[in-house]
Amino acid sequence: MPRALSDVWRHFTPANVQGKSVYMCKYCDKTYVKNATKMQQHIAKCNQIPQGPTHAADRSSTPGGNESVSAVSESDTLSSAPGPSGIRGFFDFMDEPSQRKADECFARAIYATGSPLMLPSNVYWNRFLNVLQPAYTPPTRHALSTNLLDEEFNRVQTKVKQTIDKADCISVISDGWSNIRGQGIINYIVTTPQPVFYKSVDTKDNRHTGQYIADELKVIINDLGPEKVFALVTDNAANMKVAWAHVEETYPHITTIGCAAHTLNLLLKDIMALKTMDTLYKRAKQIVKYVKGKQVASATYLSKQKEKNMSTTLKLPSITRWGSVVIMYDSLLEGKESLQEMAISQTAAMLDDVFWEGVSSSLKILKPIAAAIAMIEGDGAILSDVHCLFAELKEEIQMVLPTSLLLEAEETAVVKSLEKRREFCMKPVHAAAYMLDPKYDMGILSGEEINGAYRVITAMSAHLGLDKGKVLGSLAKYRTKQGLWEGDGIWQSCQHISAATWWKGLCGSEALAPVASIILQIPPSSAASERNWSLFGNTHTKVRNRLTNVRVEKLVGIRANLRLFEPDTEPSSTRLDSDTEEEDSECDVDEAQEEPID
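Residues numbered from 1 in each chain as written. Predicted model: local features only at pLDDT ≥ 70, side-chain atom pairs only at ≥ 80, totals over all residues. Heavy atoms only, no water.

Draft legend 1. Region of the structure containing the overall build of the protein. From N to C terminus, the protein includes 27 helices and 8 strands. With 598 residues in all, the protein has 50% of them scored as buried. In the protein, the proportion of contacts linking residues at least 24 apart, taken out of those at least 6 apart, comes to 68%. As displayed, the protein offers around 29000 Å² of accessible surface, 52% of which is attributable to carbon and sulfur atoms. (Helix = DSSP H or I, 4+ residues; strand = E, 2+ residues; numbered from the N terminus. Buried < 20%, exposed > 50% of the residue type's maximum accessible area, 1.4 Å probe, protein only. Contact = heavy atoms within 4.5 Å. Areas by Shrake-Rupley, 256 points an atom, 1.4 Å probe, with all protein chains shown as cover.)

Draft legend 2. Layout of the pairing of strand S6 (residues 195-202). Extensive coverage of S6 is indicated by the burial of 6 of its 8 residues. Across 7 bridges, strand S5 (residues 184-191) lies against S6 in antiparallel orientation. Looking at S6, one finds that Tyr188 is bridged to Lys199. (Pairing = 2+ DSSP bridges.)

Draft legend 3. Layout of the sheet that holds strand S3 (residues 31-32). Spatial ordering of the open sheet is given by S1-S2-S3, a layout of 3 strands whose pairing is antiparallel. What marks the edges here is a single partner per strand, and that holds for strand S1 (12-17) and S3. Inspection of the sheet shows strand S2 (residues 20-25) paired to S3 by 2 bridges, in the antiparallel sense. Within S3, the position partnered with Met24 by the bridge is Thr31.

Draft legend 4. Spotlight on the sheet that holds S6. Strand order across the open sheet formed by 5 strands is S6-S5-S4-S7-S8, with mixed pairing between neighbours. Two strands lie at the open edges of the sheet, namely S6 and strand S8 (255-258), each paired on one side alone. Strand-to-strand twist across the sheet, computed as the mean angle between neighbouring axes with direction ignored, equals 25°. In terms of strand pairing, strand S7 (residues 229-234) meets S8 through 4 bridges, oriented parallel. Looking at S8, one finds that Val233 is bridged to Ile257. (Axes fitted to C-alpha atoms, helices over the stretch in contact; angles between N-to-C directions.)

Draft legend 5. Highlighting unusual backbone geometry. Put simply, Thr192 and Pro193 share a cis peptide bond, and its omega is 5°. Here Lys204, not a glycine, exhibits a phi torsion of approximately 55°, which is positive. Residue placement: Lys204 occurs in the loop between S6 and helix H10 (210-224). Looking at Lys204, the relative accessible area reads 67%, which means it is exposed. Even without a glycine there, the phi angle at Lys481 is positive, about 55°. In this structure, Lys481 sits in the loop between helix H22 (468-480) and helix H23 (488-493). The class of Lys481 is partly exposed, set by a relative accessible area of 48%.

Draft legend 6. Local environment of the confidence of the model for the protein. Averaged over all residues, the pLDDT of the protein is 85; the fraction at 70 or higher stands at 85%. With pLDDT under 50 throughout, residues 56-91 is counted as low confidence; its partners more than four residues away or in other chains account for 51 contacts. (pLDDT = per-residue confidence, 0-100.)

Draft legend 7. Expanded view of the pattern of salt bridges. The final tally for this structure, using the stated rule, is 19 salt bridges. Lys308 is the partner of Glu341 in a salt bridge, and the nearest nitrogen-oxygen pair spans 3.1 Å. Residue Glu341 is located in helix H16 (residues 336-343), and its partner Lys308 is located in the loop between helix H14 (295-307) and helix H15 (324-334); the two are separated by 33 residues in the primary sequence. Assessed through its relative accessible area of 30%, Glu341 is described here as partly exposed. (Salt bridge = Lys/Arg side-chain N within 4 Å of Asp/Glu carboxyl O.)

Draft legend 8. Just the environment of Lys308, in detail. For Lys308, a relative accessible area of 23% corresponds to the partly exposed category. In sequence terms Lys308 and Ser338 are 30 residues apart; their C-alpha atoms lie 8.7 Å from each other. With residues up to four places along the chain from it excluded, the contact list for Lys308 reads Glu337, Ser338 and Glu341.

Draft legend 9. Quick look at the packing of helix H18 (residues 385-400) against helix H20 (residues 428-436). Look at H18 against H20: their axes get within 7 Å of each other, and the N-to-C directions meet at 95°. Classified by the angle between their axes, H18 and H20 sit roughly perpendicular to one another. Between H18 and H20, the residues in contact are Val386, His387 and Cys388 and His430, Ala431 and Tyr434, respectively. Here the contact of H18 with H20 is built from residues that sort into 4 nonpolar, 2 polar and no charged. (Parallel < 35°, antiparallel > 145°, perpendicular 65-115°, else oblique. Nonpolar A, V, L, I, M, F, W, Y, C, P; charged D, E, K, R; others polar.)

Written out as structure tokens, the structure reads:
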């Protein structure tokens, strides 16, 4: 009959110190090699062990236990640990596997929600856990930040590797950021096509030159396997374009793409620089800052909104995102009546009909662009959407320009800026994606764009080792709706599945299918990387600025990729709202000071 396992093991957590397996006391972090006798002696005299019925029993059952500790009065027990009393409290028990499983789940909940690692030190959490299971002692802050963190990170990284290995093609998304200490960090997202956080790199004292960025990208590409990487997506900065050239020289089959959402933000910036738009923007922002910055004005506005059963508050735009101007204008229009009532006693500026007309007409120009940014930043957006998006924007903007308050020269400037940004964003691979997406009609592609698409398809066929003649022949049948594509049913099916799945699942027998499915899995923007920075910002805060960059990477890696284990679970049940919210520091909240309104 096997010997019964000593109860002392539940008070220690397995750890690895300098490559040596040890057991760490959960109360004082003292470590021991596997020796139950010494561990029992330690528990008997450990002055960090919490007081309570369970722990009193622990001391009295170990050699050399202090009898005075076990003689805890009922009143002291109830006040210090409101867990089960009486016989259940003294004989409650957790074996080592249960303890380890509980530690693992507790740590995962901490990491997934971005909760402080010192949470188990909080007396109220300890009392709550004691009510649920008196025998359970949560891991220490040290254990949460060392061995438990490493174990969970390794578990998640294994899942990330499996996800990447299963993908038939991948793209790399990269972006830079400065953390709370002003240190430069570059993160790398891999789309499979589902985006997963791959790793982050502390650039230390290296300048973000095109050559340095290219060298770092090559390391990532080689780690992933160059044969599986087909696209690189970044912002449109000058150093990134230099990096593109170096990457394309080393890996000719990899397509480099600028973020479409960044391009649309630049379009908004162009439009907002026009004199009429800039004047209106400054005046609108001044009104919002006036109301938000004066305690009486703010309270009056909120009171009037409440009387109208409206909860809308005034919003200031983000410093870096021009699309947030739309949010500010919308908040002004929704609170227009309250603002005008306030203006009678405070300032007449809010009664200016020309101002309100300008806000309404400007929204007609800006809203379609902001909506396009939101659409292209979604995880479901694909490369083929970019052509359609710019075509629809051009049509909508040209329709509303004649009724706007812009001068004739400014209207012309808007049209020219839209075309310039379109050319700035588009590459032949965008045309190829549009051509191969069964949802779209190819009528908007020019002859030059069609020829560019042919070149992309031919080059990718050669890289994949496919017969170029057969691939182009398959493309000809696809475009003329012959053979497999002759019936209506196959075209109707594309409305219910992704374009890549359509090619792999229904058209897999065609020579064109491998090329089409790869191109249609390339993301159109680097938005996944931007969202990842939100997790970094919510993890590495002013309060937690002592976290090392290595530890931050592990915490964010766990938090970002845990959803890989829950593919069928609603995302809202595995994350907090703060995971996707922008930080207040990105907005001009601190500018809401008292200013006169003209």
